[in-house]
Amino acid sequence: MNNRTRIRLVAATAIAACALSLTACSSGSTVTDKPKAKAATPASKDSGKSAAKKSAAPDVAKVGDTIALKGTDDGSKLDVTVVKVVDPAKGADEFTTPESGKRFVGVQFRLVNTGRVAYNDSPSNGAQISDADGQQFQTTFGDISAGPSMASEVKLKPGAKALGWIVFEVPKASKVSVVQFGMDSGFAQQTGEWKLS
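Residues numbered from 1 in each chain as written. Predicted model: local features only at pLDDT ≥ 70, side-chain atom pairs only at ≥ 80, totals over all residues. Heavy atoms only, no water.

Summed over the entire model, instances satisfying the criterion amount to two aromatic pairs. With 5.4 Å between their ring centres and 40° between their planes, Phe109 and Phe181 make a pair best called tilted. With Phe109 in strand 4 (residues 102–113) and Phe181 in strand 10 (residues 176–182), this residue pair connects regions lying 72 residues apart in the sequence. Exposure class is identical for Phe109 and Phe181. Each is buried. (Phe/Tyr/Trp six-rings, centres within 6.5 Å; stacked < 30°, edge-to-face > 60°. Helix = DSSP H or I, 4+ residues; strand = E, 2+ residues; numbered from the N terminus. Buried < 20%, exposed > 50% of the residue type's maximum accessible area, 1.4 Å probe, protein only.)

Tracing the backbone through its elements, the reader meets Ser174 in the loop between strand 9 (161–171) and strand 10. Excluding residues that lie within four positions of it along the chain, Ser174 makes contacts with Arg103, Asp131, Gln135 and Phe137. (Contact = heavy atoms within 4.5 Å.)

What follows deals with the sheet that holds strand 7 (residues 136–138). Spatially, 1-11-10-6-7 is the arrangement adopted by the five strands of the open sheet, whose pairing is mixed. This sheet does not close on itself; its edge strands, each paired only once, are strand 1 (30–32) and strand 7. On average, each strand axis in the sheet is inclined to that of its neighbour by 30°, with strand direction left out of account. (Pairing = 2+ DSSP bridges. Axes fitted to C-alpha atoms, helices over the stretch in contact; angles between N-to-C directions.)

It is possible for side chains of opposite charge to pair when their charged atoms get near one another. This model, assessed by the stated rule, comprises four salt bridges. Between Lys36 and Asp79 there is a salt bridge whose closest N-O contact spans 2.6 Å. Within this pair, whereas Lys36 is found in the loop between strand 1 and helix 3 (48–55), its partner Asp79 is found in strand 3 (residues 77–89), the two being separated by 43 residues in sequence. On the basis of relative accessibility, which here comes to 38%, the residue Lys36 falls in the partly exposed class. On the basis of relative accessible area, Asp79 is assigned to the buried category, the value being 12%. Between Lys155 and Glu153 there is a salt bridge, with its nearest N and O atoms 4.0 Å apart. The exposure class of Glu153 is partly exposed, given its relative accessible area of 36%. (Salt bridge = Lys/Arg side-chain N within 4 Å of Asp/Glu carboxyl O.)

Take the environment of Met150 next. Checked against the element boundaries, Met150 lands in the loop between strand 7 and strand 8 (154–156). For Met150, a relative accessible area of 10% gives the class buried. Distance in space between the C-alpha atoms of Met150 and Phe109 is 7.9 Å, their sequence separation being 41 residues. If we skip the residues at most four places from it in the chain, Met150 touches Phe109, Leu111, Pro123, Ala162, Leu163, Gly164, Trp165 and Ile166.

Our next topic: the sheet that holds strand 9. Within the open sheet, the four strands sit side by side as 2-3-4-9. Their pairing is antiparallel. Of all the strands in the sheet, just strand 2 (66–70) and strand 9 have a single pairing partner and so form its edges. The mean angle between the axes of side-by-side strands here comes to 30°, regardless of whether they run parallel or antiparallel.

Counting residues in hydrophobic clusters, the biggest one holds 28 residues, and the most contacted among them are Phe109, Leu111, Ile129, Phe181 and Trp194. For this core, the elements supplying multiple residues, two or more each, are strand 2, strand 3, strand 4, strand 6 (127–131), strand 8, strand 9 and strand 10. Listed in part, the five residues of the second largest apolar core include Ala89, Phe104, Ile144 and Val167. (Core = buried A, V, L, I, M, F, W, Y, C linked by side-chain atoms within 4.5 Å.)

For strand 11 (residues 190–195), the buried fraction is high: five of the six residues fall into the buried class. Sheet topology places strand 1 next to strand 11; three bridges connect them, and they run parallel. Pairing of Thr30 across the sheet is with Gln190, part of strand 11. The pairing of strand 10 with strand 11 spans five bridges and is antiparallel. Its bridge partner lying in strand 11, Phe181 is registered against Gly192.

And the structure:
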């Protein structure tokens, strides 16, 4: 059994456990699109007020913004940034192609463990993308030419970080509008959401 199959089995087991105790898994679930404020840059005397405004967090997270997320375990936290989006994305080789009538969309995520405990998960299990009509699409396996994929299993000690592309396969006609990411393979009670268009 390879790592990807093992990770998918773990996710399926978590879904079954959640179905058995629906109240515990669904109570208090939230989707947050409020990014963290960016660090203020030193300002001159003339532009002090405008620099303070620029460092304030925007109302809705977009590409380049970071959202602070909590996991299910006490002390489990990540700062998650959508660094870049490539749409359409090209497969890394001639064998990596989307199905007929579909295209790849690549989203580069940066994960920083800001918690007190180690992060150990398959980030792609907790990511999904939605189009303007509200259709949601899960990740797909495949490398793209934009750069290295996010590892299928990421282990980060407190303070450590990971960077990589997560790939989605969507219909050619779909206009992607948001991407979401949740810890614990998407089962954490808090999910981050970034506006793409």
